Amino acid sequence: MSDSWQGPGAWDPRGVPTGSARGQQAWPSEQAHQGYEGYREHQQHPAQQPYQGHPQQQQHAHAHPPHQAHQAPPQADLADATEAPAAAEPADPLAVAEAPGSAEAPEAAEAPEAPEAEATDSRRRARRLARGKDGARGGARVEARGGARPRRRRRAGLVKVVAFCVVTAAGSLLLLRGNELLDRLGSPTVPDKAAGTPTPAPEPPDPGRVLQVIAHPDDDLYFMNPDLRYSISAGHPVTSVYLTSGEADGINAGAAKAATTKPDKPAYAEARQNGIRAAYAKMATGDRGSPWTRTVVPTKGGGHAEVDVLVAKPQVNLVWLQLREAGTVYDNAPDSLHGLWDGKVPRLDSMLASGTPVKEKFSYSKDQVVQTLVGILEQYRPTTVRSQDPTPGRYPDTKRYTDHQDHFYGARFVQLATAAYAKDVTDRPHFAVQNYAGYINGSLPSTLDPDEAKEKLDILGTYAWLDQQNHCNSPAGCGDLKVSDQPGGNRWSDSINYTRGTSTSWLTSDPEHGLWAFKVLDGQVAVWHRPGLVGRWKGPDLLPGAGMDPGVSTVTLADGRIAAFGTRTSFGAKPTDYKREVVYVVQKQPGAEEFTEWQSLGTPETADETWTSDISAPAVSVDGTGQLAAYVRDGANSLRGRVQRADGSWGPWEKYGGTDLHGSPATATDGAGRRMVFSATSKSVVGWVQPKPGAPLGQVTATGLPDTTLPLTADGREGGVRLWFRKPGSGNVRTALITGEGGLKVSQMTDLGGLQGFGSVTASGHVLAGRTAGGQLGSEAGSGRPWERSPLMFVGAPSSTMTGKNLVSLAVVGLDARLYVTSSADAPNAHLAPWQPVGPRNAPWSPPPPPSPSPSPSPSP
C-alpha cells in the first residue's frame, strides 16, 4: 500500500472514505451554470459509416438483465475431480482384467441423473474391481493361474477393453450429475442424500476485482459495455479510472444549439462526470439518482484525484485523474497524453471539473502518470484490468489511426503501469488484462443481439441526459448533451470486441492424457499442468519473461512437444522504440514442465512512428509433414506468416494477401494434413489452403460465407476444417465445414442457436462453449440439446481440448484470475462435471463495512 494515499482524507481501497473530510464535498455541486459552443471531436469521426443504430429516444427505460441461477464461481473444495477417480486406479491392469463384474464400471458413466448414493456406490464398485471379488488385490490373478492358453489370449484382449473402461469410468465419475451440483453451489450447506448429514459450508468465493482505465468519460459505456454492466450486476467490485476530464471544446449541447452555446470546459467536464455517475448508479441500483460520496485523495504521482463511492453499492467506485485531453482525434496536440508519451511536453496539466472536491491544480510528467496508476493498482488490487487498445490499426489511404489518440496512448500508459506494478509490487494477487476495440467497432458487424444493444443504449441515454431534467441539482448539467442527438455513437452501442485474448487453443492435452493451460497473468505466461488423467493440478507457474500481451495459442509439434505462441510488447529507450513482436516457447521434451527461453519471430511491421504495431495474436498449426507455421493479421489488414524449415530455422515473413481483414486469423489442418487459414472481413470470411502438405499456401479465396462477428474458431474434423462463428446482431453460433480438395469449398452451413452473447466459441468433441448474454459461460453438450449457463464469468475466451478419445476438457480463467476446469464424456446425454478451481484462491476479498457518516452523501433528488 502506497504511503502517498495515507493521512487526512485517506481512502480505504475497498471503496469507503475514511479519516477526516479534508477536501471532500458532497455531490452535486452548486457552481454557477455557464453556456457552451462547438462540437465534440470524437463524435465526428470522419472515416466511420453513418449511424445505423437505434433511433434517438427521449426516455430510455432501464431493464435489469435476466436473473441467472448461478452468479458466483464454484467453491474450491466442492469437488476435486482428481481424487475420486484415483481410488479406482488399479495396481495391476491384469487384476482388473479378470475381476468379475468389471463391465459394470462404464455403466456408471451412462447415468447422468443418478442420485448421490449411486455415485458413491460407483466409486465403491470401482475400488472392488481393483481388488478382486473378495477385496484382496491380485485375487483375480490367482484365480486365473492354470488357465488354458486360449483363455490367456482372451485375457489379453480383456486387458485392453477393461483398462479402457476403467479409465473412462475414472474420468467420468464426477461427470454424472454435474448440472445438479452446479445448482447446489449457492447453498451454504448441502445435505448428503446418502448419509443424511449436512456437509460443511464451502469456502466463500473470491468474486474477483475489476479495474478499468479509460481515457474519457463515456469510453467505458461505448466500448466496454456490456462487460461493465455484467460485472456490476454480478456483484463484482468494479472501479473505473478516467485519465482525462474529456473537456473537449467545452460545449455541452447538441448540434442544434452548439453555435449559440458558450464554451465552458470545467462545466462540460462536470456534466460528463454527472452523466457517468447517473449511468453507473442506474446499472448498479436501477436509480440514476442514487447518491455518491465524493472524496479527494493524494496520488502516488504527486497530484490529487477525486474518488466517488456509490453509497448503495460501495464496491462501485469512480476515480477521476482529471488530466487535459487532446481535443482532437488525430491532429497534433502536444498538450495531451500523446504529446507527453512522445516527449513533446515535459508535463501534462490538470483540467479540473467545476464542482470537483479537488481544488489544487497540478501537472504530471510521464513517469508521474505511470506512478499514479501504479498507486491505484496497489490500492484496489485488481484481478482483472480492462483497458483500451494500445495498438489500433491505420487506414491504408490516409495512414490515420482508426481510434482516438487519447484512447490508445492512454492504454500504453496502462501497459507501463501494469508492468511496473507486476515487477515492483510483490504482495498482490495475480491479474489478467483485457483490451477493447474502439472506433473500429462502427465498421464491423454488430456483435450484440437486439436486447443487449437496447440495454447498452439505455445506459448511454442516461449518460446523454435525454430528458434534461435536473435530477442531479447541478448548474453544469446532468449529462453529456453533445451525444444526445446520437447516443449510440457510430453504431458503437451495437457492438463490443476484444483486441487480444480471443484464442481458444490455450488449453491442450498430451499423449498421456495430461492437461496444459497457458494464459497471461501479470504480463507473463502462466502455466497450469495436470499430469495424466487423474493427476493433481499444478500452477500457476509463471514462465520467465515479461511484457506478454493477452492471448496465447498452443500447438503440438510432430515429436509430441507443446509450443506456446503469443506477442510481446517492448518499450525501448525512446518513445518510437515501442514494438510488438511474435514470440514462442517449446517444451524441452514431451511431457516436461521445463520450457525453452522465449524465441522471437520479430514482426512484419515497420517502425511504430511511421506505420503501426498492430499485429494480431498469432495463429499456429502443424501440417501433415510436421511443418510448423505462424500467421498474423498485420496493420494493413492483410495476412502475413512465417514457416519453420526442416532444420528448425524460420523463413521470412511472407505476404499472403487479403484486404479488410480484422481480428486474429484462425488455422487448422484437414484430414489430408493440408493447412487452412481463415480470417474474417467486415463482409464475409476469406481463406487460404495448401495444395498439399508441405506446400506454400495458395491464393486468398472468398468462402461466400455471410458476414460474421469476430473472432473465428477452426478445428480439423470430418475430413475438413470446421469453422465456428456468430451471427451478427444475434449472438447465435453458426458453423460450416470447409474442405480443401481442389480448392476451398464450403458446406453444411448451420445455425446452432445459443444464449446470445458475443466473442469466441470453443469446440471440442460434442461440446460447444462461449460467452452468453449476462457474461457467463454458456455450453451445449450435444447436438439438439438446450444450451446451459454456468456460474462463471471469465476473461477473454474459453478453451477446450479432447483428452484422449472419449473425454472433452473445458477451461476458463475467471475474473478472479483463477483457472477453472471441467470435463465431459464425449458421448450422448453427457453432462459437464462441476467446475474445479485450480490452485489457491487469488487474494481473499472481504465486503466493505458500511460507509462512514462523514462525508455526507449527496442528497437524493
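Everything in this summary refers to the structure shown in the same document. As the structure is a prediction and not an experimental result, all values here were calculated from the model. For every chain, the first residue of the written sequence is number 1, and numbering continues from 1 along that sequence. It should be noted that, the model being predicted, local features are given only for residues of pLDDT at least 70 and side-chain atom pairs only at 80 or more, the latter also being counted only at that level, while totals for whole chains, interfaces and linings use all residues. As a convention, hydrogens and water are excluded, and side-chain values are obtained from all of the structure's heavy atoms.

### With respect to helix 9 (residues 265–285)
Secondary structure elements follow DSSP: runs of H or I no shorter than four residues count as helices, runs of E no shorter than two count as strands, and numbering proceeds from the N terminus. Here, expected helix span is obtained from the residue count minus one, scaled by 1.5 Å. For helix 9, spanning 21 residues, the distance from its first C-alpha to its last is 30 Å, which sits close to the expected 30 Å at 1.5 Å a residue. Between buried and exposed lies partly exposed: a residue is buried under 20% and exposed over 50% of the maximum accessible area for its type, with that area taken using a 1.4 Å probe on protein chains only. Among the 21 residues that make up helix 9, 18 are buried, leaving the element largely enclosed by the rest of the structure. Polar contact criterion, stated in full: a pair of N or O atoms within 3.5 Å, where within protein one must be able to donate a hydrogen and the other to accept it, and residues adjacent in sequence count only if both atoms are side-chain atoms. For helix 9, the N-terminal capping position is held by Asp264, with its side-chain oxygen 3.1 Å away from the main-chain nitrogen of Ala267. Gly286, located one to two residues past helix 9, shows a positive phi value of around 85°.

### Focus on the layout of surface pockets
Taken as a whole, the largest pocket encloses approximately 1100 Å³ of empty space. Taken together, 39 residues form the lining of the largest pocket, with Ser505, Thr554, Thr667, Ala714 and Asp715 sitting closest to its centre. Mapped onto the lining of the largest pocket, the elements with two or more residues apiece are strand 12 (507–509), strand 16 (553–556), strand 20 (619–622), strand 24 (661–669), strand 28 (713–717), strand 32 (761–764) and strand 35 (788–802). Of all the elements, strand 24 adds the most residues to the lining of the largest pocket, at six residues. Grid points spaced at 1 Å and placed over the protein atoms alone form the basis of the search, with a cavity being a set where a 1.4 Å probe fits but cannot get out and a pocket an open set showing protein on both sides within 12 Å along at least five of seven lines. Lining residues have an atom within 4 Å of a point. Grid points are joined across faces, edges and corners, and a volume is the space filled by probe spheres set on the points.

### Side note on the pairing of strand 30 (residues 733–739)
Among the seven residues in strand 30, six count as buried, and that is most of the element. The pairing of strand 29 (residues 720–726) with strand 30 spans six bridges and is classified as antiparallel. Along strand 30, the bridge assignment pairs Phe725 with Arg734. In this structure, the hairpin formed by strand 29 and strand 30 is closed by a connection of six residues, where Gly729 is found at a positive phi of approximately 65°. Pairing geometry for strand 30 and strand 31 (residues 745–753), over six bridges, is antiparallel. Across the sheet, residue Leu737 finds its bridge partner in strand 31, namely Ser747. Where strand 30 hands over to strand 31, the hairpin turn is made up of five residues, of which Gly742 adopts a positive phi near 75°. Note: two strands are recorded as paired if DSSP finds a minimum of 2 bridges between them.

### As for the packing of helix 11 (residues 366–380) against helix 12 (residues 405–424)
The angle between two axes is taken between their N-to-C directions and runs from 0 to 180 degrees, where each axis is a line fitted to C-alpha atoms and a helix contributes only its stretch in contact. As a packed pair, helix 11 and helix 12 sit with axes 8 Å apart at the nearest point and diverge in direction by 60°. Here helix 12 runs oblique to helix 11, going by the angle between their axes. The handedness of the crossing between helix 11 and helix 12 is right-handed. Mapping the contact onto sequence places Lys366, Val369, Val370, Leu373, Val374, Leu377 and Glu378 in helix 11 and Phe413, Val414, Leu416, Ala417, Thr418, Ala420 and Tyr421 in helix 12. Throughout, the ten residues Ala, Val, Leu, Ile, Met, Phe, Trp, Tyr, Cys and Pro are labelled nonpolar, Asp, Glu, Lys and Arg are labelled charged, and all others, Gly among them, are labelled polar. Grouping the constituent residues of the contact of helix 11 with helix 12 by class yields 11 nonpolar, one polar and two charged. Should an angle lie under 35 degrees it is considered roughly parallel, over 145 roughly antiparallel, and from 65 to 115 roughly perpendicular; all remaining angles are considered oblique. Crossing handedness: left-handed means the near helix sits turned counterclockwise from the far one by under a right angle, and right-handed means the same turn made clockwise. By the convention used here, residues are in contact when the closest approach between their heavy atoms is within 4.5 Å.

### Considering unusual backbone geometry
Each neighbour pair has its own omega, and for Gly539 with Pro540 the value is 10°, a cis peptide bond. Residue Pro711 is bonded to the preceding Leu710 through a cis peptide linkage, with omega at -10°. On the secondary structure map, Pro711 appears in the loop between strand 27 (701–702) and strand 28. Phi at His513 takes a positive value of approximately 70°, unusual for a residue other than glycine.

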